[in-house]
Structure formats: structure tokens, C-alpha cells
Amino acid sequence: MTRRRVVVTGLGATTPLGGDVATTWAGLLAGKSGVRSLTEDWAQTIPVTFAARVAVEPSEQMERVEIRRLDRSEQFGLIASREAWKDAGSPEIDKERLGVVVASGIGGVTTLLEQYDILNGKGARLVSPHTVPMLMPNGPAANIGLELQAQAGVPHTCKCMCIGRGSNWLCI
Amino acid sequence: MALAQADVLAGLKEIVEEVAGIPAASVELDKNFTDDLDVDSLSMVEVVVAAEERFGVKIPDESVTDLVTVGDAVNFIVNASK
């Protein structure tokens, strides 16, 4: 197997420890845990009582319209990519040489479930026209690519097997 | 009873702001949804469905392409409410 060297030029993250890389890294070094008890009503009927949810809700980091149009997985991807791009110095580069790859365990599963409930409860007319762009697994890559105007292999997605931990990785 | 044009315009302003993030003050009768307000096709579908819900009228899919300006939409809704 031929090994190719790559250079990481920018980092971005939104995690159970923080809404950016610095907070996340500080939390890791301090030995903090991002796992919290689930206190919401919906969680009272399921056997699992804890989860590692993001520390900062996307609604605190994005415009309201973006929140409406993007699945949670896409929100996370965009938030991390914006930090990474800024960390890299927001470089001016040839868009035809700019590609986006994002790994996602499932994609927009919350959108799929919500819209299925709307379909059953209120009918097809009220299902969001944004459903497919929100639920597709390559949605995070597609939205990052649109924002950065990446024209080289934009919506790439590879599956990320999550065993014992939740993780999404992106590479621009 | 027919809806008043001013009431429909006020309602549409709120809907467009909610759906597309366009400031309500920018949503005027002569504004083109696509060229002036930058409302994309998917958001336009949301606007139409929200308007149907809010004003209690039916806007057939084949009529949506005729709603080029905010005024077109307001007039359609006012007429449909008669």
C-alpha cells in the first residue's frame, strides 16, 4: 500500500466538551467528561439515561433560517467546517481543486423521523420540501461544499462506524 | 368574507421572514420572489404551504409559477378568499 502524506491546515469541532476546538481540547486535557444525564421528557421512557450531547446547541452558533433548512448533522458539519476554514486562514484557492469529504454514521435521521411523523399525522402536503437535502447522508458535505463553492468532488461521504463513541469527521 | 390586501401582505411578510430569513420590511408588493428576495424554489413551496395554512385558501401547484411577485401572491390569496 502506498502511503500519501497529507497536511492538516485547520481544525474545527463542536463536541460534548465544547462548541469549538479550543474548548474541546481544554476539556480533554482537564479530563472532563461530556456525558450527561438525559432529563428531557422524551428520554424518560427509554432504558438509556445518559448521552454525550453537544455542549453548545447549533442554535447558538447559526442563524435561525439555517437551523430551519439544515438537519442537525448538517449543522454540526457546517459549524466545524467554518471554524476549520477560518483556522486555515480562509485561503483563496482554485475552487476546481477544492473538494469536501464528510463521514457520517447515519446522516439526517432526525429529519427522516420528524417528517415521517408529519406525513402520518398531517399529510404529504406539509412534509418539508427540504426533507431530502436534509436527510441525505452526504448533506453535510453538500452544504459545506456549497458554502465554500467547492467544485471538485463536492458531496463525498464515507460511512463512519461508531463503536462506543459518536463521531463525525470532515476533511476539506 | 374576502381577506383585506393589507392583512394578507402583513401575513406574507411574516411568513417570508420566517421561512427565508428575509426582513419583513423588504417584502413589498412589487418585489419579485426570486430576483429581488432571493427565495429559492424549495423555500417558495414552504411559503405557499404556510400561506395556505394561515389564510385558509388553496393554492394549486399549477398556480404557484404565476406567483412571480409578492403582489401576485397577495392578489391570488385575496381572490381565493372571496
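Predicted, not measured: the structure shown is a model, and the values here were computed from it.

For the rest of this paragraph, the subject is the overall build of chain A. When helices and strands are tallied, chain A shows 6 helices and 5 strands. Start at the N end of chain A and walk to the C end: the helices and strands fall as α-β-β-α-α-β-α-α-α-β-β.

Looking now at the overall build of chain B. Along its length, chain B carries 4 helices and 0 strands. The linear arrangement of helices and strands in chain B, starting from the amino end, is α-α-α-α. The dimensions of chain B, computed from C-alpha atoms along their principal axes, are 30 × 25 × 20 Å. Split into buried and exposed, the 82 residues of chain B put 28% on the buried side. Contacts in chain B between residues at least 24 apart in sequence constitute 56% of all its contacts with a sequence separation of at least 6.

Attention now moves to the confidence of the model for chain A. All names here are of chain A. In the predicted model, chain A carries a mean pLDDT of 88, and the fraction of residues at 70 or more is 89%. Per-element averaging of pLDDT across chain A places strand β5 (residues 169-171) at the bottom with 57 and helix α1 (residues 21-29) at the top with 98. Throughout residues 161-167 the model reports pLDDT below 50, and contacts reaching past four residues in sequence, or to other chains, amount to 4 contacts.

Time to look at the nonpolar core. Nonpolar side chains tend to gather and get buried jointly when the protein is soluble and globular. Among the nonpolar cores identified, the biggest contains 21 residues, and B:Leu12, B:Val16, B:Leu37, B:Val39, B:Val47, B:Ala51 and B:Ala73 are the most heavily contacted of them. Every element with two or more residues in this core is listed here: α1 (5-20), α2 (41-55) and α4 (70-80) of chain B. Per-element accounting of this core gives the leading share, 6 residues, to α1(B). Ignoring sequence-local partners within four residues, the contact set of B:Val16 consists of B:Ile22, B:Val27, B:Leu37, B:Val39 and B:Val47. By size, the runner-up hydrophobic cluster in this structure holds 16 residues, among which are A:Ile79, A:Ala84, A:Val102 and A:Ala142.

Right, let's get into unusual backbone geometry. Positive phi outside glycine occurs at A:Gln149, with the angle close to 60 degrees. Mapped onto the elements of the fold, A:Gln149 is located in the loop between α6 (139-148) and β4 (156-159). Using a count of 10 C-beta atoms within 10 Å as the deciding quantity, one classes A:Gln149 as exposed. In this model, B:Asp38 sits at a positive phi of 60 degrees, which is unusual for a non-glycine residue. Its location among the elements puts B:Asp38 in the loop between α1 and α2.

Residues and elements named next belong to chain A. Following the sequence through the fold, Thr2 ends up in the segment before α1. On the basis of neighbour count, Thr2 is assigned to the exposed category, with 3 C-beta atoms found within 10 Å. As a C-alpha pair, Thr2 and Val132 span 130 residues in sequence and 37 Å in three-dimensional space.

Let's shift gears to the packing of α1(B) against α2(B). Residues and elements named next belong to chain B. Two numbers describe how α1 lies on α2: the axes approach to 10 Å, and their chain directions differ by 140 degrees. With respect to α2, the axis of α1 lies oblique. Regarding α1 and α2, the two cross each other, and that crossing is right-handed. For the pair α1 and α2, the contacting residues are Val8, Gly11, Leu12, Ile15, Val16, Val19 and Ala20 in the first and Ser43, Glu46, Val47, Ala50, Ala51, Arg54 and Phe55 in the second. Residue composition of the contact of α1 with α2, by class: 10 nonpolar, 2 polar and 2 charged.

About the criteria used
Residues numbered from 1 in each chain as written. Chains lettered and ligands numbered in written order. Predicted model: local features only at pLDDT ≥ 70, side-chain atom pairs only at ≥ 80, totals over all residues. Helix = DSSP H or I, 4+ residues; strand = E, 2+ residues; numbered from the N terminus. Buried ≥ 20, exposed ≤ 12 C-beta atoms within 10 Å, placed from the backbone. Contact = placed C-beta atoms within 7 Å. pLDDT = per-residue confidence, 0-100. Core = buried A, V, L, I, M, F, W, Y, C linked by C-beta atoms within 7 Å. Axes fitted to C-alpha atoms, helices over the stretch in contact; angles between N-to-C directions. Parallel < 35°, antiparallel > 145°, perpendicular 65-115°, else oblique. Left-handed = near helix turned anticlockwise from the far one by under 90°. Nonpolar A, V, L, I, M, F, W, Y, C, P; charged D, E, K, R; others polar.

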